[in-house]
Amino acid sequence: MIVLRVNGEDRQVDVPPEMPLLWVLRDVVGLTGTKFGCGIAQCGACTVHLDGKPVRSCQLPVSAIGDRAITTIEGVGTTPEGAKVQQAWLALDVVQCGYCQSGQIMSAAALLARTPKPSDADIDAAMSGNICRCGTYVRIREAIHQAATGEAHGLQVIVDGSPS
Ligand code: FES
Ligand code: FES
């Protein structure tokens, strides 16, 4: 039996030690907000935080977690950065199909926790491992600026047909 600290709660899981954390989270713990994309640590869809740092859960054996705190998309809104990122995502309507977005939000929240006012280059560097097939990169970058500053940052948002 392995004990994991997930979103502030201890969860006992009876799984093989080599099972990737993503499988444990989705199939055993029942937290399906974290997505499976490539399975080979290339797309970022499966990103969660370990002690606040973004990691690719699809390639991380559950035995390697130890006592580090796991935060998933279901819990990130309880952190100040996660809450701001989620609000900005909604304000700028970032999501298209949505499949990559849990991982994007996790990477963005981790970025703001370590770099509260990131430049475009900071954002591009931090988000480069998160792939979006729908191509929402421009809105993602603007939403991160908005989460950081509380202000819209150059992307014109159309509400009810009128620029706002
Ligand atoms: S599913 Fe983990 S990086 Fe793609
Ligand atoms: S919103 Fe569709 S893959 Fe990113």
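Below: a short report on this structure. (Residues numbered from 1 in each chain as written. Chains lettered and ligands numbered in written order. Predicted model: local features only at pLDDT ≥ 70, side-chain atom pairs only at ≥ 80, totals over all residues. Heavy atoms only, no water.)

Looking only at helices and strands, the protein features 5 helices and 7 strands. Going residue by residue from the N terminus, the α and β elements of the protein occur as β-β-α-β-β-β-α-α-α-α-β-β. With the C-alpha coordinates of the protein rotated into their principal frame, the extents come out at 55 × 30 × 25 Å. The buried share of the protein, reckoned over its 164 residues, is 41%. On the protein, the mean spot of the 13 positive side-chain charges and the mean spot of the 16 negative ones are 2 Å from each other. (Helix = DSSP H or I, 4+ residues; strand = E, 2+ residues; numbered from the N terminus. Buried < 20%, exposed > 50% of the residue type's maximum accessible area, 1.4 Å probe, protein only. Lys, Arg positive; Asp, Glu negative; His and termini not counted. Charge placed at Lys NZ, Arg CZ, Asp CG, Glu CD.)

Attention shifts here to the nonpolar core. Membership of the largest hydrophobic core comes to 20 residues, with the highest contact counts inside it found for V85, W89 and I144. With 6 residues, helix α3 (residues 101-114) is the single largest residue contributor to this core. Sequence-distant contacts of W89, defined by excluding residues within four places in its chain, comprise V94, V95, Q101, Q104, I105, A108, I140, A143 and I144. Of all hydrophobic cores here, the second largest spans 15 residues; its members include V13, V24, V62 and I65. (Core = buried A, V, L, I, M, F, W, Y, C linked by side-chain atoms within 4.5 Å. Contact = heavy atoms within 4.5 Å.)

The backbone phi angle of N7 is positive, close to 50°, even though this residue is not glycine. Relative to the helices and strands, N7 is located in the loop between β1 (2-6) and β2 (9-13). With a phi close to 55°, D93 is a non-glycine residue in the positive phi region. Summarising the element assignment, D93 is placed in the loop between α2 (80-92) and α3.

A separate point is the pairing of β2. Successive residues of a regular strand alternate their side chains across the two faces of the sheet. In terms of strand pairing, β1 meets β2 through 5 bridges, oriented antiparallel. What sits directly across from V3, in β2, is Q12. Hairpin remark: β1 followed by β2, antiparallel, with 2 residues in the connecting loop; positive phi at N7, about 50°. (Pairing = 2+ DSSP bridges.)

The subject of this paragraph is helix α5 (residues 137-149). In this model, α5 (13 residues) spans 18 Å end to end at C-alpha, consistent with the 18 Å of a helix rising 1.5 Å per residue. Here the buried face of α5 lies against α2, α3 and α4 (120-127). Of the residues one or two after α5, G150 is the one with positive phi, at around 80°. (Expected span 1.5 Å × (residues − 1).)

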